[in-house]
Amino acid sequence: MNDMLKTAQNTIIKTGKAMGLAQDVIDRLVQPDGIHEFTLQVKMDNGKNKLFTAFRIQHNDNLGPYKGGIRFHPNVSRDEVQALATLMSIKCAVAGLPYGGGKGGIIFNPKEMSEGELERISKEYVRAIASIIGPTKDVPAPDVNTNGQIMKWMLDELIKINKKQLKKADLEKLKATFTGKPVKFGGTLGRTEATGRGGVAITEALLSKLKKEKSEMKVAVQGFGNVGYYFAKIASDRGMKIVAVSDSKGGVTGEKSLDIEKIMNCKKEKGEVAGCYCVGGVCDIQQGKKITNGELLELPVDILVPAALENVINKENMHKIQARIIIEMANGPVSEEAYDYLTKKGVLIVPDVLANSGGVAVSYLEWFQNMKGQVWSEEKVNKKLFGMMSDAFEEIWQTYTKEKSSLKQAAFETAIRRIIRKAK
Ligand code: NAD
């Protein structure tokens, strides 16, 4: 069994035991409802057929249809897909969504494929999973190496398969089978920024509980991709001081708040964030300097936001972390050992299942608009997201203050309580 699956299952077992649940209830929470494995046969550009192994794992649908992305990667494995499906059940329940957890994946490197091959693989996958997905059964979305275009291909294929037997209105609803679609094909405004924006909403909810002024918070963000960039930009627009950012090649830090948009423009030009401290207006930061990713994590800031990779805060560097608040925007950036160590030292760590649930929350809003035949403004989506995130935070905070354990334990407890309450 791989480490990610072991950790996900152990956290459920540990939490279930702490809640006093019976062993059969815990076992049922650990075991997925269904593991679907397929062999796809696809014609390549050279005219030869190639076989691909693909999965769709449906973990638990007590709260509603399974929800979770589809990953294209050479390292996809059944264990990895199962771990991610399990964590989606927890994340959807934490965010208060009427969804269970699912995940899909195909083992291959999409970077070695032509666009035509990618389209044929995507459509063959849909033919394999067509009978087990649908707006009220299982709702996939993009994940690593999949995007809106791939969701559109998949939806086109699903419509083709169902065209003869479905009425026009039901065909229209079929759109809700996939989220993360391009906006002009039924996607929602606000999805691109949603994970970062949701993280900022959670951070603000936490600061308000701690009675801290956000304008006084110094924040360091590791990772300047979809999640890190939008977190930094939205947090900065809303008054927090972003004093350090980085990408895979290193980062920059300054005494005053950094200009996130200027750094993004500079990154686009130079291909990296490091060295962007002295470009245009960013030169105003007299103390600005280059830092490594390791140094960023150890800065004397109030809030640390790992938004790139897993396991970056671990037993090697946990003693050097100075931030009193960590927002886990990446999946699993704080190792189990470091989480326990830092929590015991009084560091508040908002777990990934809560911190980065803004993406799936807006996926739910896309699904909801498709089901009702509505199209919302970006402002409405953003406002709803903030409301959903602060509600999600509130219940976990209540459990946390009552039990005095950790925010992670409180999040898993809240999720498990919601899932078992709806057990069939
Ligand atoms: P991305 O590919 O857009 O960006 C990743 C960023 O991390 C890039 O800026 C890259 O340069 C940087 N990076 C890579 N290696 C690094 C290193 N060693 N040190 C510092 N930075 C490094 O990915 P993303 O969509 O922003 O996702 C980031 C994390 O958030 C992942 O763990 C992902 O699973 C998680 N996540 C993403 C979403 C989403 O909606 N995109 C939702 C939930 C969780």
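Residues numbered from 1 in each chain as written. Predicted model: local features only at pLDDT ≥ 70, side-chain atom pairs only at ≥ 80, totals over all residues. Heavy atoms only, no water.

Colleague: Describe the state of the cysteines, and please don't skip the residues or the numbers.
Modeller: For the coordinates displayed, the defined rule picks out one disulfide. A sulfur-sulfur distance of 2.0 Å marks the disulfide that ties Cys-266 to Cys-276. Across the disulfide from Cys-266 to Cys-276, rotation about the S-S bond amounts to roughly -85°, and the bridge is consequently left-handed. With a gap of 10 residues between them, Cys-266 in helix α9 (residues 260–270) and Cys-276 in the loop between α9 and β9 (289–291) connect regions that are remote in the sequence. Neither residue differs from the other here; Cys-266 and Cys-276 are each classed as buried. (Disulfide = S-S within 2.5 Å. Helix = DSSP H or I, 4+ residues; strand = E, 2+ residues; numbered from the N terminus. Buried < 20%, exposed > 50% of the residue type's maximum accessible area, 1.4 Å probe, protein only.)

Colleague: Let's hear about the domain arrangement of the chain: which residues, and what values?
Modeller: Taken as a whole, the chain is organised into domain 1 (3–11 + 32–185) and domain 2 (194–350). Distance between the C-alpha centres of domain 1 and domain 2: 32 Å. (Domains from an automatic or database assignment.)

Colleague: For the site of the ligand, give the residues involved together with the corresponding values.
Modeller: In the neighbourhood of the ligand, 18 residues make up the surrounding shell, with Thr-195, Asn-226, Val-227, Asn-293 and Asn-331 lying closest. Thr-195 places a side-chain nitrogen or oxygen 2.7 Å from an oxygen atom of the ligand. In the model, an oxygen atom of the ligand is placed 3.0 Å from a nitrogen or oxygen of the Asn-226 main chain. Every element with two or more residues in the shell around the ligand is listed here: α7 (191–209) and α8 (226–237). Of the residues in the shell around the ligand, the class split is seven nonpolar, nine polar and two charged. (Near = heavy atom within 4 Å. Polar contact = N/O pair within 3.5 Å; in protein donor to acceptor, adjacent residues only side chain to side chain. Nonpolar A, V, L, I, M, F, W, Y, C, P; charged D, E, K, R; others polar.)

Colleague: Could you give an account of the packing of helix α13 (residues 358–372) against helix α14 (residues 378–403), with specific residues and numbers?
Modeller: If you want to describe how two helices pack, look at the angle between their axes and the distance between the axes. Close contact between α13 and α14 brings their axes to 10 Å; oriented N to C, the two are set at 125°. In terms of orientation, α13 and α14 fall into the oblique class. Judged by the twist between their axes, the crossing of α13 over α14 is right-handed. Here Gly-358, Ala-361, Val-362, Tyr-364, Leu-365 and Gln-369 of α13 lie close against α14, whose contacting residues are Val-381, Lys-384, Leu-385, Met-388 and Met-389. Here the residues of the contact of α13 with α14 are counted per class, giving eight nonpolar, two polar and one charged. (Axes fitted to C-alpha atoms, helices over the stretch in contact; angles between N-to-C directions. Parallel < 35°, antiparallel > 145°, perpendicular 65-115°, else oblique. Left-handed = near helix turned anticlockwise from the far one by under 90°. Contact = heavy atoms within 4.5 Å.)

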